[in-house]
Amino acid sequence: MAEERLNWQQACKVLGCSKSHLYNLINSGDLPAERKGRIKGVTVKRSDCERYLKEWRERTGAEDQ
């Protein structure tokens, strides 16, 4: 079964961040993404978003909301 892929809007909602911050995470290599051409943007795996959030919370000591 294919893993759920999110467009940039969905990924921003899961991560609770802005579009520019999402692209910063992708461009820095902190969040893997698949580019879908210049116009279509990017998709990211839901599991990668969840992994990033978990690691961020561990690094920062942030509580789950």
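Above this note sits the structure.
Residues numbered from 1 in each chain as written. Predicted model: local features only at pLDDT ≥ 70, side-chain atom pairs only at ≥ 80, totals over all residues. Heavy atoms only, no water.

1. Side note on the sheet that holds strand β3 (residues 42-45)
On the basis of which strands lie adjacent, the open sheet formed by three strands has the order β1-β3-β2 and antiparallel pairing. Strands at the two margins of the open sheet, each flanked by one partner only, are β1 (5-6) and β2 (34-35). Strands in contact with helix α4 (residues 46-60) are β1 and β3; relative to β3, the strand with the most contacts, it is inclined by about 65°. (Pairing = 2+ DSSP bridges. Helix = DSSP H or I, 4+ residues; strand = E, 2+ residues; numbered from the N terminus. Contact = heavy atoms within 4.5 Å. Axes fitted to C-alpha atoms, helices over the stretch in contact; angles between N-to-C directions.)

2. Remarks on the packing of helix α1 (residues 8-15) against helix α2 (residues 19-28)
Where α1 meets α2, the axes come as close as 9 Å, and the angle between the chain directions of the two elements is 95°. In terms of orientation, α1 and α2 fall into the roughly perpendicular class. Along the contact surface, α1 presents W8, A11, C12 and L15, while α2 presents K19, L22, Y23 and L25. A class-by-class count of the residues in the contact of α1 with α2 yields seven nonpolar, no polar and one charged. (Parallel < 35°, antiparallel > 145°, perpendicular 65-115°, else oblique. Nonpolar A, V, L, I, M, F, W, Y, C, P; charged D, E, K, R; others polar.)

3. A few points about the environment of L31
Inspection of the secondary structure puts L31 in the loop between α2 and β2. Under the relative-accessibility criterion, L31 is labelled buried at 1%. Not counting the four nearest positions on each side in its chain, L31 is found in contact with L15, L22, L25, I26, V44, D48, C49 and Y52. (Buried < 20%, exposed > 50% of the residue type's maximum accessible area, 1.4 Å probe, protein only.)

4. Considerations on the nonpolar core
Most often, soluble globular proteins have nonpolar side chains that are buried together. Counting 15 residues, the largest nonpolar core has A11, L15, L22, I26, L31, V44 and C49 as the members making the most contacts within it. The set of elements that each furnish at least two residues to this core consists of α1, α2, β3 and α4. At four residues, the largest contribution of residues to this core is made by α2. Dropping the residues within four chain positions of it, L22 is found in contact with W8, A11, C12, L15, C17 and L31. (Core = buried A, V, L, I, M, F, W, Y, C linked by side-chain atoms within 4.5 Å.)

Purely geometric stuff here, so don't read any function into it on its own.
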